[in-house]
Amino acid sequence: STTQVVVSYKDINGATKTASQVLSGSYVAAFTGLTMYVPADDQADLNIYVGTPLLSSSGASGNAIKVSLSSSSFRAVDSSNAATTVISGVGGSGTFYVRKSIPTFAMLSVSSSVPTSSSALYRFSVTADPKGAIDLKKVTFNLATTSTSVTGTSLVDEASGLSLGEGVTTGTTSTVTLGTAQQIAAGATKTYALYGTVNGFTTGSSLSVSLASDTTPGSTGNTLWSDRSTVGTFSNGYLLKNFTTNATSYSK
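Residues numbered from 1 in each chain as written. Predicted model: local features only at pLDDT ≥ 70, side-chain atom pairs only at ≥ 80, totals over all residues. Heavy atoms only, no water.

**Student:** Please explain the overall build of the chain as it appears in this structure.
**Tutor:** The helix and strand inventory of the chain stands at 0 helices and 17 strands. Over its C-alpha atoms, taken along the principal directions, the chain stretches across nearly 80 × 45 × 30 Å. A burial count over the chain gives 31% of its 252 residues as buried. Taking the intrachain contacts of the chain between residues at least 6 apart in sequence as the baseline, contacts between residues at least 24 apart amount to 68%. Carbon and sulfur atoms make up 49% of the accessible area of the chain, which amounts to about 14,200 Å² in all. The chain carries 14 positive and 12 negative side-chain charges, and their two centres are separated by 7 Å. (Helix = DSSP H or I, 4+ residues; strand = E, 2+ residues; numbered from the N terminus. Buried < 20%, exposed > 50% of the residue type's maximum accessible area, 1.4 Å probe, protein only. Contact = heavy atoms within 4.5 Å. Areas by Shrake-Rupley, 256 points an atom, 1.4 Å probe, with all protein chains shown as cover. Lys, Arg positive; Asp, Glu negative; His and termini not counted. Charge placed at Lys NZ, Arg CZ, Asp CG, Glu CD.)

Below, the structure written as C-alpha cells:
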C-alpha cells in the first residue's frame, strides 16, 4: 500500500531539496548522496513522506504504515569529511492507516440549558471527505451523571426526524447500533441527535454527554464506520484524526 518514500531537507544554502525512493523487498528505502546541512551546535529537520496508491489500484484500506530511521545504515560527514555513523534516540513515527475516505465528527450546540426528555441531549455532525462516501454503523456515548440518570436513549437523524436506533446503556455508556448503516455522500454532512429520558434532574444534579473514542484498532469498538472500499466491512474509531470527544454538560 505504498508507492514511494520522499525526503525533504535544506542544503547549506538554505534551499529545499527532495529525493525519492521506492521500497525494496525488505520494506526499506535507502537514500545516499543527500546534501542535507546541519550547522555546528544546531539542528535541522528531515521530513519524510510516504505515498500511497489508489485503493482501486493496489492499496488496501486499513493497512498500517509506520516509518522509522535505521540506525545501522546511518552515515554523515563533518566539515573535515570525517564520517559519523552513530545514531541514537530516534524512534519510529506514529502509525498511519490507508483509507479511501475519512469522516469528520463535530459536536454541535443544543437548544436547552436544562436536559429534558423532549430535547436533544447531545448533537453532532458527520462529514464525509470529498474523496468518497462513508457509512456510519455505530456510535457510543459517555454519560457522566451526578444525582440523575438517563434511560431510553435513541439516535435521531435531524433531517428526517426518524429514530435510527435505540441505545443500550451499560454503566456510564450508551451504545446505538444502527439497523441500517447511514451513508454520507462524499463532501456531504449529516446531523444527528441523542435523545433520552432524564430522571430526577434537580438541584445538585449534573450530566455530561460525549462521544466515546477507541484506543486500539479493530473491527469492533465504540464507533464503527466504513470508507466503502469494501461495502459491509467496518473499522472502529481508532486514530480518527477528526473525531471529537467534546462534551455537552448540564448542571443545576
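**Student:** Where do I start with the layout of surface pockets in this structure?
**Tutor:** The volume enclosed by the second largest pocket comes to roughly 210 Å³. What lines the second largest pocket is a set of 17 residues, and nearest its centre among them are S61, G62, R99, F234 and S235. Each residue belonging to the lining of the second largest pocket can be placed in one class, and the counts come to 5 nonpolar, 10 polar and 2 charged. (1 Å grid on protein atoms, 1.4 Å probe; cavity = no way out; pocket = protein on both sides within 12 Å on 5 of 7 lines; lining within 4 Å. Points joined across faces, edges and corners; volume = space filled by probe spheres on them. Nonpolar A, V, L, I, M, F, W, Y, C, P; charged D, E, K, R; others polar.)

**Student:** Explanation requested: the pattern of salt bridges in the structure shown.
**Tutor:** When the charged atoms of two side chains with opposite charge come close together, those side chains can pair. Scanning the model with the defined rule gives 3 salt bridges in all. Residues R123 and E158 are paired through a salt bridge, measuring 2.8 Å at the closest nitrogen-oxygen approach. Separated by 35 residues along the polypeptide, R123 in strand β9 (residues 122-128) and E158 in the loop between β11 (149-157) and β12 (163-170) bring together distant segments of the chain. Notably, a salt bridge pairs R228 with D135, separated by 2.8 Å at the nearest N-O pair. With a gap of 93 residues between them, R228 in the loop between β16 (224-226) and β17 (247-251) and D135 in strand β10 (residues 134-146) connect regions that are remote in the sequence. D135 gets classed as buried once you look at its relative accessible area, which sits at 6%. (Salt bridge = Lys/Arg side-chain N within 4 Å of Asp/Glu carboxyl O.)

**Student:** So what exactly am I meant to see when it comes to the side chain of S235 here?
**Tutor:** By the element assignment, S235 lies in the loop between β16 and β17. In terms of polar contacts, S235 uses its side chain to reach the side chain of R99, at 3.3 Å. Once residues lying within four places of it in the same chain are set aside, the contact partners of S235 are R99, G218, T223, L224 and W225. (Polar contact = N/O pair within 3.5 Å; in protein donor to acceptor, adjacent residues only side chain to side chain.)

**Student:** Sorry if this is basic, but what is going on with the environment of S111 here?
**Tutor:** Positionally, S111 belongs in the loop between β8 (103-108) and β9. On a C-alpha basis, the gap between S111 and T191 in space is 14 Å, while along the polypeptide they are 80 residues apart.

**Student:** Where do I start with the environment of N63 in this structure?
**Tutor:** If you trace the backbone, N63 turns up in the loop between β3 (47-50) and β4 (64-65). Judged by its relative accessible area of 33%, N63 is partly exposed. For the pair N63 and S235, spaced 172 residues apart in sequence, the C-alpha separation works out to 12 Å. With residues up to four places along the chain from it excluded, the contact list for N63 reads S1, F96, Y97 and V98.

**Student:** Got a minute to help me understand the environment of T18 in this structure?
**Tutor:** Counting through the fold element by element, T18 comes out in strand β2 (residues 16-21). C-alpha separation for the pair T18 and A159, spaced 141 residues apart in sequence, amounts to 48 Å. The contact partners of T18, leaving out residues within four places of it in the chain, are V6, V7 and S8.

**Student:** Looking at this model, I keep getting lost on the packing of aromatic side chains. Mind explaining?
**Tutor:** Aromatic ring pairs: the centre-centre distance and the angle between the two ring planes describe each pair. Evaluation of the coordinates by the stated rule reveals 7 aromatic pairs. Between Y97 and Y238, the ring centres sit 6.3 Å apart and the planes meet at 75 degrees, which makes this aromatic pair edge-to-face. Here Y97 is found in strand β7 (residues 96-97), whereas its partner Y238 is found in the loop between β16 and β17, with 141 residues between them in sequence. Overall, the relative accessible area of 27% leaves Y238 in the partly exposed class. Aromatic side chains Y122 and F141 sit 5.9 Å apart centroid to centroid with 70 degrees between the ring planes, which places their arrangement in the edge-to-face category. (Phe/Tyr/Trp six-rings, centres within 6.5 Å; stacked < 30°, edge-to-face > 60°.)

**Student:** I keep staring at the sheet that holds β2 and nothing clicks. Help me out?
**Tutor:** Where strands meet in a sheet, backbone hydrogen bonds hold them as pairs that are either parallel or antiparallel. On the basis of which strands lie adjacent, the open sheet formed by 3 strands has the order β2-β1-β3 and antiparallel pairing. The open sheet is flanked by β2 and β3, the only strands paired with a single partner. The average undirected angle you get between the axes of adjacent strands in this sheet is 20 degrees. Bridge count for strand β1 (residues 5-10) against β3 is 4 bridges, and the pairing is antiparallel. (Pairing = 2+ DSSP bridges. Axes fitted to C-alpha atoms, helices over the stretch in contact; angles between N-to-C directions.)

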